[in-house]
2 protein chains.
Amino acid sequence: VYLTADIASEDLALVTDAIGGMRTLIVTTPTVAHLHGKQIFSALRQQGEDVSLLVLNCTERNKTMEQVERVCAEALRLGLDRRAVLLAMGGGVVTDIVTISASWIRRGITTIRIPTTLIGQVDAAVGIKGAVNFQGRKSYLGCFYAPASVFIDPSRLSTLPDQHVRDGLAEIIKIALVRDSHLFDLVERYSGPVRESRFAQPDDVGREIIWRSVLRMLEELESNIFEDQTYMRLVDMGHTFSPALEAATGFTLSHGEAVAIDIALTCAVAACLGSMTAHDRDRVIAAIQEVGLPLNHAALTPDLCRRALGEATRHRGGALNLPLPAAIGEATFLRKLADLPASVLSESLQWLQARSVAGSAGRATPAVSSAVHAGA
Amino acid sequence: VYLTADIASEDLALVTDAIGGMRTLIVTTPTVAHLHGKQIFSALRQQGEDVSLLVLNCTERNKTMEQVERVCAEALRLGLDRRAVLLAMGGGVVTDIVTISASWIRRGITTIRIPTTLIGQVDAAVGIKGAVNFQGRKSYLGCFYAPASVFIDPSRLSTLPDQHVRDGLAEIIKIALVRDSHLFDLVERYSGPVRESRFAQPDDVGREIIWRSVLRMLEELESNIFEDQTYMRLVDMGHTFSPALEAATGFTLSHGEAVAIDIALTCAVAACLGSMTAHDRDRVIAAIQEVGLPLNHAALTPDLCRRALGEATRHRGGALNLPLPAAIGEATFLRKLADLPASVLSESLQWLQARSVAGSAGRATPAVSSAVHAGA
């Protein structure tokens, strides 16, 4: 994983080194092709690289086998063999499709990632998992397959819509909360200008926030890369209630918004159980609000939470393993479902409800209030 | 990898241990379902296992993504999740399709293999590769994915057609020639009764031949399991000219027959170059004939050989790396294409042609002469 300056110009050599003269197929989406893909494609062509470009109209909803087969068919048409590169340029959906395609073609060809969304840079592009939906079941088919190189170029974020910036900040708050109090301080202090400037200002703080997030994610994933070593994963923070919440809202709530709400609820639970101080909880709540992310949603009912906890338990080897903040930058685990009494959950939900209403009345950004109203 | 007695009865417990109470889908072909699948399915059911059976009409020619998707769809329909088993029962085609499906479902579920062909038991079931054809290109998509257990039950071979027995013996001769002179002695001495009795007679010789072949294969694959360590692979013996030969005959020549011809030609080359004595070469030739395998085919022209050598060089990292017998049970490598002069190749082809005609006139089994005539 490299933190780069502009990869279409001064750091282009890093990309050509990674390609190593192999035939390369760049896979991207229409928007990213327009903003970045064609520029980087042309720059590589001018360097004499044997590159082609495939623009896939892929979204979270049509992240299916058909898209993977389209990439494989194009690779076959271009004669890509064992020594060849698939380069993913875009967000998590393109990364997923390319990771799977690269792992399947000739039992595995080289793959390179250039994430162009914030969530892609700090989260999705760092792991080795790829998955697609199959016959309506989310992420039923997939693989573990490591990219050869990941280039993180924060200058690519300059054109990112605010919604995407907020989504990425939710993942940054997640990893800061469980692993890195200094990163949390940076987000707390600078999220305003960083969000406004798309991580270009102030100075190197934007780059430092991204890079620390990446390093902490890598450290967390490293020892459990195939997810077969432990079900106690700090990176599951914010990902216990959020899948059910996203689904319940028919995905009108973005992933980052759902993660933020999940983090807020988990902090409320942690404070209620005495694992975290009310002061630290309030710092997290304030940071989420400052970023323009919601704290609550009408679909977040006790019923939905119970179902989500059951689902998480199934996915985590039969135990709850809920990451529970102990302080800013530190977390433990709530191991068993029985460790979370129904009274604690309902009290936490009520507290969140009250705080969220107070927040939206007092200081909400438009984004917060619209998310709350959407579910009201 | 386990060498078992009858897994439908006395060694059934080994299979239930491997399943470990997980929901299991057995994938097999119509013929194997009839001969073995239903019997083992019923035996597992009686033990209270949660098993289902999927009968796929799959052959080498329709070993495609569609078959993999059928397995994945059935797995989804049955609710197979991370803790679940796909059990392949049959030959190499079923093993390939199941290996890939298991690696894709939920990024990898448990897979167990019960090979029911000789080639499956001594060769295909031992590796970790799976591949399917894609849009007409052989083995374009695939994976490396290790089975949790492989059960080798020689009693399953009792119903095997003679053609399949001969095909398997070609792979056994291959591994014996490059790695195990004692195994070669056993084949030389007992191939008649072993072939006749489907490895049941004499006594334990049949089982010993299978098990030594498996062990030698495992040893060879172990250090290069992802094929990224070296292109000098002894198991490539018999697999240099045979792919082109199979294709040139429109697959009327079986894989084993093509491998036998490839081995015969390679021994002729080795003797011509002085790597192997004429005596050892003649032992190999005699063993191939004794098994009822052909030595030659009209499609084996100098032109086809040159194309095959070029193709092998492309697949072996740009160097020929042809396994070359040095004695029975020992081999070296012909590293570069230039080490094999055209004159040596044409002389070897002529020698093989003469020997094959002499053989088929003097002592051919019907199988040998039909294979020679098919191409004549």
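Please read these numbers as outputs of a predicted model, since none were measured by experiment.

Asks: Kindly report on the interface of chain A and chain B, identifying the contributing residues and their values.
Replies: Listed per partner, the contact involves 28 residues of chain A and 28 residues of chain B. Of the roughly 2,700 Å² buried between chain A and chain B, counting both surfaces, carbon and sulfur atoms make up 53%. At the junction of chain A and chain B, the tally comes to 2 salt bridges. At the junction of chain A and chain B, the tally comes to 18 residue pairs in polar contact (both at pLDDT 80 or more). Mapped by element, the contributors of at least two residues to the side of chain A that touches chain B are α3 (65-77), α4 (92-104), β6 (129-134) and β7 (137-144) of chain A. With 7 residues, β7 of chain A is the largest single contributor of residues to the side of chain A that touches chain B.

Asks: Go over the pattern of salt bridges with me, naming the residues and quoting the values.
Replies: Residues and elements named next belong to chain A. One pass over the structure, following the stated rule, counts 57 salt bridges over all chains. Between Glu188 and Arg283 there is a salt bridge, with the nearest N and O atoms lying 2.8 Å from each other. One end of the pair, Glu188, is in helix α7 (residues 181-196); the other, Arg283, is in helix α11 (residues 278-290), with 95 residues separating them in the sequence. Asp282 is the partner of Arg355 in a salt bridge, and the nearest nitrogen-oxygen pair spans 3.4 Å. Here the residue Arg355 occupies a position in helix α13 (residues 342-362), and Asp282 occupies one in helix α11, the gap between them amounting to 73 residues. Among the residues examined, Arg355 registers a relative accessible area of 26% and is labelled partly exposed.

Asks: Explain the packing of aromatic side chains to me, using residue names and the numbers behind them.
Replies: One pass over the full model with this rule turns up 5 aromatic pairs over all chains. A centroid spacing of 6.4 Å and a plane angle of 15° characterise the contact between Phe134 of chain A and Tyr140 of chain A, whose relative ring orientation is stacked. Neither Phe134 of chain A nor Tyr140 of chain A differs from the other in exposure class; each is buried. Both rings, one in Tyr2 of chain B and one in Phe151 of chain B, keep their centres 5.1 Å apart while their planes meet at 15°; by these two values the pair is stacked. Of this pair, Tyr2 of chain B sits in strand β1 (residues 2-3) while Phe151 of chain B sits in strand β8 (residues 149-152), and the two are 149 residues apart along the sequence. Here Phe151 of chain B falls in the buried class, since its relative accessible area comes to 0%.

Asks: Tell me what's going on with the relation of the copies chain A and chain B, and back it up with residues and numbers.
Replies: Its rotation angle being 180°, the transformation that places chain A on chain B also includes 0.0 Å of axial translation and leaves an RMSD of 0.0 Å. On the angle and the small slide along the axis, the relation comes out as a two-fold axis.

Asks: Give a detailed account of the confidence of the model for chain A, specifying residues and quantitative values.
Replies: Residues of chain A with pLDDT of at least 70 account for 95%, and the chain-wide mean is 91. Taken over the whole predicted complex, pTM reads 0.84, whereas the ipTM for its chain interfaces reads 0.80.

Asks: Please provide a residue-by-residue account of the environment of Asp6 of chain B, values included.
Replies: Residues and elements named next belong to chain B. Its place among the elements puts Asp6 in the loop between β1 and α1 (12-19). On the basis of relative accessibility, which here comes to 22%, the residue Asp6 falls in the partly exposed class. Sequence separation between Asp6 and Arg156 is 150 residues; the distance between their C-alpha atoms is 7.7 Å. Beyond its immediate chain neighbours, meaning those up to four positions away, Asp6 contacts Asp11, Leu12, Asp153, Ser155 and Arg156. Within the structure, Asp6 has its side chain in polar contact with the backbone nitrogen of Ala8 (distance 2.8 Å).

Asks: Hey, could you go over the sheet that holds strand β5 (residues 110-115) of chain B for me, with residue numbers and the actual values?
Replies: One key point about sheets: their strands pair by backbone hydrogen bonds, in either a parallel or an antiparallel sense. All names here are of chain B. Read from one edge to the other, the open sheet built from 6 strands follows the order β1-β8-β5-β4-β2-β3, with strand pairing classed as parallel. The sheet is open, and its two borders are formed by β1 and β3 (51-55), each paired with just one other strand. Bridge analysis of strand β2 (residues 23-28) against β3 gives 5 bridges, and the strand direction is parallel. Bridging across to β3, Ile26 finds its partner in Leu53.

Asks: Would you mind going over the side chain of Gln67 of chain A in detail, with residue names and values included?
Replies: All names here are of chain A. The topology assignment puts Gln67 in helix α3. Note on Gln67: relative accessible area 7%, which makes it buried. If we skip the residues at most four places from it in the chain, Gln67 touches Leu56, Asn57, Cys58, Asn62 and Ile97.

Asks: Quick rundown of the packing of helix α3 (residues 65-77) of chain B against helix α4 (residues 92-104) of chain B? Include the residues and the values.
Replies: All names here are of chain B. Where α3 contacts α4, the two axes come as close as 9 Å, and the packing angle between them is 55°. Between α3 and α4, the angle is such that the two are oblique. Pair α3 / α4 crosses with right-handed handedness. Note on element contacts: α4 touches α3 through Ile97, Ile100, Ser101 and Trp104, opposite Met65, Gln67, Val68, Val71 and Cys72. By residue class, the composition of the contact of α3 with α4 is 7 nonpolar, 2 polar and no charged.

Asks: So what's going on with the pairing of β6 of chain A? Residues and values would help.
Replies: Residues and elements named next belong to chain A. Counting buried residues along β6, 5 of its 6 residues qualify, which places the element largely inside the surrounding structure. By the bridge criterion, 5 bridges tie β6 to β7 in an arrangement that is antiparallel. Counted as the bridge partner of Phe134 is Arg137 from β7. Between β6 and the antiparallel strand that follows it, β7, lie 2 residues; Gln135 among them carries a positive phi value of about 50°.

Reading the values: rules and limits
Residues numbered from 1 in each chain as written. Chains lettered and ligands numbered in written order. Predicted model: local features only at pLDDT ≥ 70, side-chain atom pairs only at ≥ 80, totals over all residues. Heavy atoms only, no water. Contact = heavy atoms within 4.5 Å. Buried area = accessible area lost by both parts, 1.4 Å probe. Salt bridge = Lys/Arg side-chain N within 4 Å of Asp/Glu carboxyl O. Polar contact = N/O pair within 3.5 Å; in protein donor to acceptor, adjacent residues only side chain to side chain. Helix = DSSP H or I, 4+ residues; strand = E, 2+ residues; numbered from the N terminus. Buried < 20%, exposed > 50% of the residue type's maximum accessible area, 1.4 Å probe, protein only. Phe/Tyr/Trp six-rings, centres within 6.5 Å; stacked < 30°, edge-to-face > 60°. Least-squares fit on C-alpha atoms with pLDDT ≥ 70 in both. pLDDT = per-residue confidence, 0-100. Pairing = 2+ DSSP bridges. Axes fitted to C-alpha atoms, helices over the stretch in contact; angles between N-to-C directions. Parallel < 35°, antiparallel > 145°, perpendicular 65-115°, else oblique. Left-handed = near helix turned anticlockwise from the far one by under 90°. Nonpolar A, V, L, I, M, F, W, Y, C, P; charged D, E, K, R; others polar.

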